[in-house]
Amino acid sequence: MERTSVQKLARVLRVLVVITFVCNLIALFLVPTLAAMFTENRWDGQTIERLMAGERVEFWLSFTVHAWNPVVWMLALTADDLYWPVLTLFLLSCGVCTAIVLWQAKRVLGTILKGDPFVMDNAKSLKRAAVCCFLISLAAFLRLIWGFVTYRSILPLLSYNALFVPIFLMGGLLFLVMSALFRQAAELKAENDLTI
C-alpha cells in the first residue's frame, strides 16, 4: 500500500520526536549537575582547573552522583541560598512534562502512520499533553512568584519564566482544542462505522 504524503511527513516527524525525547532524557539526568555548576558560587577556579586537566569524564560522573545525592539536597534546602534547589526542581519538572508531551506526540504520530488517526487514544494523548503544558505554565508562574519574593524586585518579569507562563498556557489550550476535535472525529467515525 502506497503511503500518503501525510504519512511520509509523520514518519519523519516521529523520528525527530524520538531523537528529541532521548536527548530530553539525557538532559534530565544532567539537570542537577549543570544547575549546580552554573549557579552562583559553584563554578570556582578549582572546578575549571579539573575540567581542563583532563579529568573530564571522572569529574562529570562524580559531580553528577554528588548532585543527585539526597544529603546534598537536604543541605541545600537548609542553607540560605535556595537558588540551586529551586532551579533544579523547576527544570526537572519542566523536563518531565516535556518528555510526556513528546511521548504523547509519538503516540499520535504512530496512529497517523497506521492510517487511523481519528481514535479516542489520540484525544486522550492530546489531553495529557495539555495537562503537562498547564503544569509547566504553573511551575513557571510559581518560580516567577518565588523570584518576586526572593529578590523583592520586578526583574523576574524579564526572565524566561515570564515567557513560559503564557506560552505553555496557550499551548495547553491548543492541545485541549485538538483533543476535543479528535474526540468528536472519533465519535463520528464510530457512528459511521456502525451505520454502514
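Preceding this section is the structure that the text describes.
Residues numbered from 1 in each chain as written. Predicted model: local features only at pLDDT ≥ 70, side-chain atom pairs only at ≥ 80, totals over all residues. Heavy atoms only, no water.

1. A short note on the overall build of the chain
Phase 1 of the analysis: Along its length, the chain carries 7 helices and 0 strands.
Phase 2 of the analysis: Counting helices and strands in the order they occur from the N terminus, the chain gives α-α-α-α-α-α-α.
Phase 3 of the analysis: Buried residues in the chain amount to 34% of all 196 residues.
Phase 4 of the analysis: For the chain, restricting intrachain contacts to residue pairs at least 6 apart in sequence, the fraction spanning at least 24 positions comes to 73%.
Phase 5 of the analysis: Roughly 12,500 Å² of accessible area belongs to the chain as shown, and the carbon and sulfur atoms make up 72% of that amount. (Helix = DSSP H or I, 4+ residues; strand = E, 2+ residues; numbered from the N terminus. Buried < 20%, exposed > 50% of the residue type's maximum accessible area, 1.4 Å probe, protein only. Contact = heavy atoms within 4.5 Å. Areas by Shrake-Rupley, 256 points an atom, 1.4 Å probe, with all protein chains shown as cover.)

2. Thoughts on the layout of surface pockets
Phase 1 of the analysis: Taken as a whole, the largest pocket encloses approximately 250 Å³ of empty space.
Phase 2 of the analysis: Contributing to the lining of the largest pocket are 17 residues, with Val101, Ala105, Leu126, Ala129 and Phe175 lying nearest its centre.
Phase 3 of the analysis: Secondary structure elements with two or more residues in the lining of the largest pocket: helix 5 (83-114), helix 6 (120-151) and helix 7 (160-195).
Phase 4 of the analysis: A total of 8 residues in the lining of the largest pocket trace back to one element, the largest contributor, which is helix 5.
Phase 5 of the analysis: Split into classes, the residues belonging to the lining of the largest pocket amount to 14 nonpolar, 3 polar and no charged. (1 Å grid on protein atoms, 1.4 Å probe; cavity = no way out; pocket = protein on both sides within 12 Å on 5 of 7 lines; lining within 4 Å. Points joined across faces, edges and corners; volume = space filled by probe spheres on them. Nonpolar A, V, L, I, M, F, W, Y, C, P; charged D, E, K, R; others polar.)

3. A word on helix 6
Phase 1 of the analysis: For helix 6, with 32 residues, the first-to-last C-alpha span of 47 Å sits near the 46 Å given by 1.5 Å per residue.
Phase 2 of the analysis: A positive backbone phi angle near 50° is found at Arg152, which sits one or two residues after helix 6. (Expected span 1.5 Å × (residues − 1).)

4. As for unusual backbone geometry
Phase 1 of the analysis: Notably, Arg152 is not glycine yet its phi reads approximately 50°, a positive angle.
Phase 2 of the analysis: Among the secondary structure elements, Arg152 is positioned in the loop between helix 6 and helix 7.
Phase 3 of the analysis: With a relative accessible area of 75%, Arg152 lands in the exposed category.

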